[in-house]
Amino acid sequence: KAGVTQTPRYLIKTRGQQVTLSCSPISGHRSVSWYQQTPGQGLQFLFEYFSETQRNKGNFPGRFSGRQFSNSRSEMNVSTLELGDSALYLCASREGGTENPYGYTFGSGTRLTVV
Amino acid sequence: AQSVTQLDSQVPVFEEAPVELRCNYSSSVSVYLFWYVQYPNQGLQLLLKYLSGSTLVKGINGFEAEFNKSQTSFHLRKPSVHISDTAEYFCAVSDGTYKYIFGTGTRLKVLA
């Protein structure tokens, strides 16, 4: 079974631009979550999608958005990039449902650098 | 509300020595507990998880952890570390839903 695939692995953008990151979950996994990881704030939850619907959202500004497609693939978008958006963005998938303790499988992440 | 505290931000240890990485949690509901490892510029890899049953959980790469409900702890241990164990380790708690609460991480540095 292929793991969680995130593309691109590295990205450099200029302040004010927008960016789209992609995540392909493990086959059969319907829940996809996104996390932002920075040295100062650690791992912070962005949002979770299940069956093309955003079920939950973390405490991030509206510049951060996402979507999920019918094949469970997910994208997240950040508009009007700021220097503070530089981070490792991690996607994680699991089988889904409201009660599933078996844990996430994480992708390798996209390292976004805003200059 | 749930929270996770990893008491040590960095742990240096000599190769072949034992190591313990500490994790304490707080929750008003039943929890599931996880340890993940992150190598540089990589995602998080699941080491082990406690869901229910035996409080001693064995994971990959020779790691194990013990769930202690009275102490609200889930410490990670390895009897003999290798250079390749150098990485950052994250403890996480979940109530079984989408959201994990992660600790701030412990950097394990294995010295030759």
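Keep in mind that this is a model prediction, so the values were computed, not measured. (Residues numbered from 1 in each chain as written. Chains lettered and ligands numbered in written order. Predicted model: local features only at pLDDT ≥ 70, side-chain atom pairs only at ≥ 80, totals over all residues. Heavy atoms only, no water.)

A. Quick look at the overall build of chain A. Within chain A, the secondary structure is distributed over zero helices and 11 strands. The C-alpha radius of gyration computed for chain A amounts to 13 Å, which stays within 12% of the reference 13 Å derived for 115 residues, consistent with globular compactness. Along the three orthogonal principal directions, the C-alpha set of chain A runs to about 40 × 25 × 25 Å. Within chain A, the proportion of its 115 residues that are buried is 51%. Carbon and sulfur atoms form 47% of the exposed surface of chain A, whose accessible area is close to 5300 Å². (Helix = DSSP H or I, 4+ residues; strand = E, 2+ residues; numbered from the N terminus. Rg over C-alpha atoms; globule rule 2.2 N^0.38 Å. Buried < 20%, exposed > 50% of the residue type's maximum accessible area, 1.4 Å probe, protein only. Areas by Shrake-Rupley, 256 points an atom, 1.4 Å probe, with all protein chains shown as cover.)

B. Structural detail: unusual backbone geometry. Residue Pro8(A) follows Thr7(A) across a cis peptide bond; omega there is -10°. Inspection of the secondary structure puts Pro8(A) in the loop between β1 (5-7) and β2 (10-13). At Glu16(B), a position not held by glycine, the phi torsion is positive, near 75°. Summarising the element assignment, Glu16(B) is placed in the loop between β2 (10-14) and β3 (19-21). At Asn41(B), a position not held by glycine, the phi torsion is positive, near 55°. Structurally, Asn41(B) is set in the loop between β5 (32-38) and β6 (44-50).

C. Representation of the nonpolar core. If you look at the biggest cluster of nonpolar residues, it comprises 27 residues, and the most contacted ones within it are Leu33(B), Trp35(B), Leu47(B), Leu48(B), Phe74(B), Leu76(B) and Tyr89(B). With four residues, the single largest contributor to this core is strand β10 (residues 87-94) of chain B. Of all hydrophobic cores here, the second largest spans 21 residues; its members include Phe47(A), Tyr49(A), Val78(A) and Ala87(A). (Core = buried A, V, L, I, M, F, W, Y, C linked by side-chain atoms within 4.5 Å.)

D. Seen up close, the environment of Asn68(B). All names here are of chain B. Position of Asn68 among the secondary structure elements: in strand β8 (residues 64-68). A relative accessible area of 27% means that Asn68 is categorised as partly exposed. Distance from Asn68 to Leu56, taken between C-alpha atoms, is 9.1 Å for residues 12 residues apart in sequence.

E. How the structure looks around the packing of aromatic side chains. A complete count under the given rule lists 18 aromatic pairs over all chains for this structure. An angle of 55° between the planes, with centres 6.0 Å apart, marks the rings of Tyr35(A) and Phe106(A) as tilted. Taken together, the residues span a long stretch of sequence, with Tyr35(A) in strand β4 (residues 31-38) and Phe106(A) in strand β10 (residues 105-106) at a distance of 71 residues. Overall, Tyr35(A) belongs to the buried group, its relative accessible area being 0%. The exposure class assigned to Phe106(A) is buried, which follows from its relative accessible area of 8%. Geometrically, the ring pair formed by Tyr25(B) and Phe67(B) is stacked, given 6.2 Å between the ring centres and 25° between the ring planes. Linking Tyr25(B) in strand β4 (residues 24-26) with Phe67(B) in strand β8, this pair joins segments that are 42 residues apart in sequence. A relative accessible area of 9% means that Tyr25(B) is categorised as buried. Three or more aromatic residues joined by ring pairs make a cluster, and in this case those are Tyr35(A), Phe45(A), Tyr104(A), Phe106(A), Phe34(B), Tyr36(B), Tyr100(B) and Phe102(B). (Phe/Tyr/Trp six-rings, centres within 6.5 Å; stacked < 30°, edge-to-face > 60°.)

F. Region of the structure containing the pairing of strand β6 (residues 53-57) of chain A. Bridging between strand β5 (residues 42-50) of chain A and β6(A) involves four bridges; their strand directions are antiparallel. Residue Phe50(A) lies in a different strand from β6(A), and its bridge partner there is Thr53(A). (Pairing = 2+ DSSP bridges.)

By themselves these figures say nothing about function.
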